[in-house]
Amino acid sequence: MVRIFAEPLKRRENIIKYFDYAATCPLDQEAAQLYVQTATDFFGNTSSLHDTGGQAQQLLETCRKEFAHMLKVHEEGIYFTSGGSEGNFLAIQALLSSPIKSGNHIITSIAEHASIHSTLEKCKQNGYEVTAIPLNQDGHIDVETLTDAIRKETVLITIQAANSEIGTSQPIKEIGKICRDNGILLHSDCVQAFGKLDMQEMVQSVDSLAISGHKFYGPKGVGVVYLSPHLHWHPFYPNTTHEGGFRPGTVNVPGIAATTLAAQKTIAHMEEQYHHSLKLRKVFLETINAKGKQIVVYPSDLPSIIGLRMKGIEGQLIMLECNRAGYAISTGSACQVGSQAPIKTMTALGIIGKPAKEFIRISFGKNTKVEDVQQLGETLIKILTGHGG
């Protein structure tokens, strides 16, 4: 018998207090139990014609119906993916394969997730022109600026529903109307929005959207795309049969089942979590208030995300100091870690140079405690004071 681990995995004794829920969430225990049960009892390949495959297929379709119910859309528009990045990529490719009119121009925002920017870079190689617009000083898309960027060749607009770094939400409903009036398709990256904003209203304004399970206590490696059933899109991967041709590969039924349960629980407790995050945010801001002039807190519509700068100290240093003190925070989207460039949101806000690299992000979850938030605030003040602030 081959053993992968010589000893059982153990967590460090000094438990880190976690403030990076916008990057990923711990797996919900009930969702974890459902994953194991599904992997054990419904292990068949959904494409197999025998009863074992049929049982897995039936469970898959039940999950599809549940997501359709949560979003108030037809189940034919629900597709399961490996996560938000793949979902964004495949949704955009599907929309571009079925444009309402001819053209080669796409509009996005500077602050989009890295997966959107990489997808659009690929589109540029295929002859598309891309216009990336900034955010206003409040962290929102200026609708007039977006309207001015529209050309007769504009076929697609892709705007995130909620920013993962400062937590501002965008006027998707208004942008959707502009798109319909101009024969333009609209995609929205809703990875940070699901479980925090009203998705049922939002989904009526878009042609596609993408979400990711691990942002709401589901397993990693599972995502969901809504793609309007009215569109006659073409598969990106030829001759693909899984998920109606949307993506290849054996369907991850255990992960999808666990994600569905996590989504149901998140939606059921959304209002409760919103008020919990509001309370935590209030405590944090009150704690750091004494250093108000030296700490810049950016506007946010999601109380669970706080983006800020501590003047004169690089965000990476603050993150390392917090980690040493027992707190896990971040310097922005986890998909940009390792990049030497400032995070996209700072660029979108017109903040460049050293100030842009001072950014840190703190994000709350359902397990975050008030006393831990207060202690984190006090730790940040000590770090600032220790650096001459």
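For the structure itself, consult the block above.
Calculation criteria
Residues numbered from 1 in each chain as written. Predicted model: local features only at pLDDT ≥ 70, side-chain atom pairs only at ≥ 80, totals over all residues. Heavy atoms only, no water. Buried < 20%, exposed > 50% of the residue type's maximum accessible area, 1.4 Å probe, protein only. Helix = DSSP H or I, 4+ residues; strand = E, 2+ residues; numbered from the N terminus. Right-handed = clockwise from strand over helix to strand, strands pointing away. Pairing = 2+ DSSP bridges. Contact = heavy atoms within 4.5 Å. Axes fitted to C-alpha atoms, helices over the stretch in contact; angles between N-to-C directions. Left-handed = near helix turned anticlockwise from the far one by under 90°. Nonpolar A, V, L, I, M, F, W, Y, C, P; charged D, E, K, R; others polar.

Draft legend 1. Structural context of the pairing of strand β6 (residues 185-189). Counting buried positions along β6 yields five of five residues, so the element is predominantly enclosed. For the crossover that starts at strand β5 (residues 154-158), traverses helix α6 (residues 172-181) and ends in the parallel β6, the hand is right-handed. Strand direction decides the pairing type here: β6 and strand β7 (residues 208-212), joined by three bridges, are parallel. Within β7, the residue paired with serine 188 across the bridge is leucine 209.

Draft legend 2. Examining the side chain of threonine 259 more closely. Tracing the backbone shows threonine 259 in helix α8 (residues 253-268). Overall, threonine 259 belongs to the buried group, its relative accessible area being 1%. With sequence-adjacent residues up to four places away left out, threonine 259 is seen in contact with Phe67, Gly213, Phe216, Pro219 and Val222.

Draft legend 3. Main features of the pairing of strand β10 (residues 305-310). The buried fraction of β10 amounts to six of the six residues, a majority that puts the element mostly inside the structure. Side-chain alternation along β10 places Ile305, Gly307 and Arg309 on one buried face and Ile306, Leu308 and Met310 on a second face that is also buried. As defined by bridge partners, strand β9 (residues 295-297) adjoins β10 across three bridges and the pair is classed as antiparallel. Bridging across to β10, valine 296 finds its partner in arginine 309. Relative to strand β12 (residues 359-363), β10 runs antiparallel, the two sharing five bridges.

Draft legend 4. Fine view of the packing of helix α3 (residues 84-96) against helix α4 (residues 114-125). One can describe the packing of α3 onto α4 by two numbers: an axis separation of 9 Å at closest approach and a directional angle of 35°. In this structure, α3 meets α4 at a crossing whose hand is right-handed. Between α3, through Ser85, Asn88, Phe89, Ile92, Gln93 and Leu96, and α4, the contact on the second element is made entirely by Ser115, Ile116, Thr119 and Cys123. Here the residues of the contact of α3 with α4 are counted per class, giving five nonpolar, five polar and no charged.

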